[in-house]
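A closer look at the structure
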Amino acid sequence: MMTLTSYKNILVTTEEQIGIVTLNRPSVLNALSHELMEELVDALAKFDTNDGVRAIVLTGSERSFAAGADIKEMSDETSVSIMLKDRFATWDKVKNIKKPIIAAVSGFALGGGCELAMTCDIIIASETAQFGQPEINIGVIPGAGGTQRLTRAVGKHKAMEMILTGRPMTAHEAYNRGLVNLVVPAETYLQTAKNLAKEIASKPPVAVRLAKEAILKTFDAPISEGLEFERKNFYMLFSSQDQKEGMKAFLEKRAANFVGR
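Report on the accompanying structure. (Residues numbered from 1 in each chain as written. Predicted model: local features only at pLDDT ≥ 70, side-chain atom pairs only at ≥ 80, totals over all residues. Heavy atoms only, no water.)

So, on to unusual backbone geometry. With a phi angle near 55°, Leu29 is a residue other than glycine that sits in the positive phi range. Relative accessible area serves as the criterion here: at 21%, Leu29 is assigned to the partly exposed category. With a phi angle near 65°, Asn30 is a residue other than glycine that sits in the positive phi range. Counting through the fold element by element, Asn30 comes out in the loop between strand E3 (18-23) and helix H1 (34-48). Judged by its relative accessible area of 2%, Asn30 falls in the buried class. (Buried < 20%, exposed > 50% of the residue type's maximum accessible area, 1.4 Å probe, protein only. Helix = DSSP H or I, 4+ residues; strand = E, 2+ residues; numbered from the N terminus.)

Laid out in structure tokens, this is it:
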């Protein structure tokens, strides 16, 4: 494992072909300050342009992935001041990372923490994980995509219940509702996420990137447009070296050597 750039609020390392970002504000349960989010986006962007990194794991501590936004930072804002600062633009940059991001979640994933996990592409949850949007309890609503992504993940009625009451769901309920991919013991959740990231990292990088783009397209477009986008990406891959190598290796019954070209 290699430690990279030093940050104040996050830890950044690499392990084989995966990049690992750990939220690191333990005194406030990894509350998502604007400074932390800027550091996170910077680290993710560097991984996104690093050819040695093919997948990313985003995690927190065993006690808390992220317990929400930094309320102290927001409490004195007005509707105009918070709009002019446009801090959600930072969150949009997480969504625009091209490499797959796996959230490894343990403990609290509430408010902005839940929204950050949902911005990732895959969620591995510890049995202790709790997912929720409790913003209603402090007089606001989710503002970083919670009303939209949670509804798409768990359905209108469950999302309505969670957002209007502020009650969280357990990891197992989140799994049953389709919000998370897998629930594992707290002792293994991070390693499980790393193993999955390494498996994805072993696949042809260009195909992984275009597959992610095509899947995400369905969230922003009608199915007809999404199908057209998928088809164009499929055709494009037939000009890649990895497609030629992958099919040749299959026919020759050997392991493929993917180079990301």
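Counting residues in each nonpolar core, the largest one holds 46 residues, and the members touching the most others are Leu58, Phe65, Val105, Leu116, Phe131 and Leu179. Residues within four places of Leu116 in sequence aside, it is in contact with Leu23, Leu32, Met37, Leu40, Leu58, Phe65, Trp91 and Val94. Ile18, Ile122, Ile124 and Ala197 belong to the second largest nonpolar core, which has 15 residues in total. (Core = buried A, V, L, I, M, F, W, Y, C linked by side-chain atoms within 4.5 Å. Contact = heavy atoms within 4.5 Å.)

Once that is clear, we can look at the pattern of salt bridges. Following the criterion strictly, the structure yields 14 salt bridges and no others. For Glu15, the salt bridge identified is with Lys194, shortest N-O distance 3.2 Å. Taken together, the positions of Glu15 in strand E2 (residues 10-15) and Lys194 in helix H9 (residues 189-201) put the pair 179 residues apart, joining distant regions of the chain. Owing to a relative accessible area of 14%, Glu15 belongs among the buried residues under this scheme. Of the charged contacts, one joins Arg209 and Glu213 as a salt bridge, the two residues approaching to 3.5 Å between their closest N and O atoms. Here the residue Arg209 and the residue Glu213 both occupy positions in helix H10 (residues 205-217), the gap between them amounting to four residues, near one helical turn. (Salt bridge = Lys/Arg side-chain N within 4 Å of Asp/Glu carboxyl O.)

What follows concerns the sheet that holds strand E7 (residues 108-110). With respect to topology, four strands assemble into an open sheet ordered E5-E7-E9-E10, the strand pairing being mixed. Edge positions in the sheet fall to strand E5 (64-66) and strand E10 (169-170), since each has one partner strand and no second. Where strand E9 (residues 130-132) lies against E10, two bridges are found, and the strand directions are antiparallel. When the sheet's bridge partners are listed, Phe131 is paired in E10 with Met169. (Pairing = 2+ DSSP bridges.)

In this section: the side chain of Thr90. When you line up the elements, Thr90 lands in helix H4 (residues 88-95). For Thr90, the residues in contact, after removing those within four places along its chain, are His34, Met37, Glu38 and Val41.

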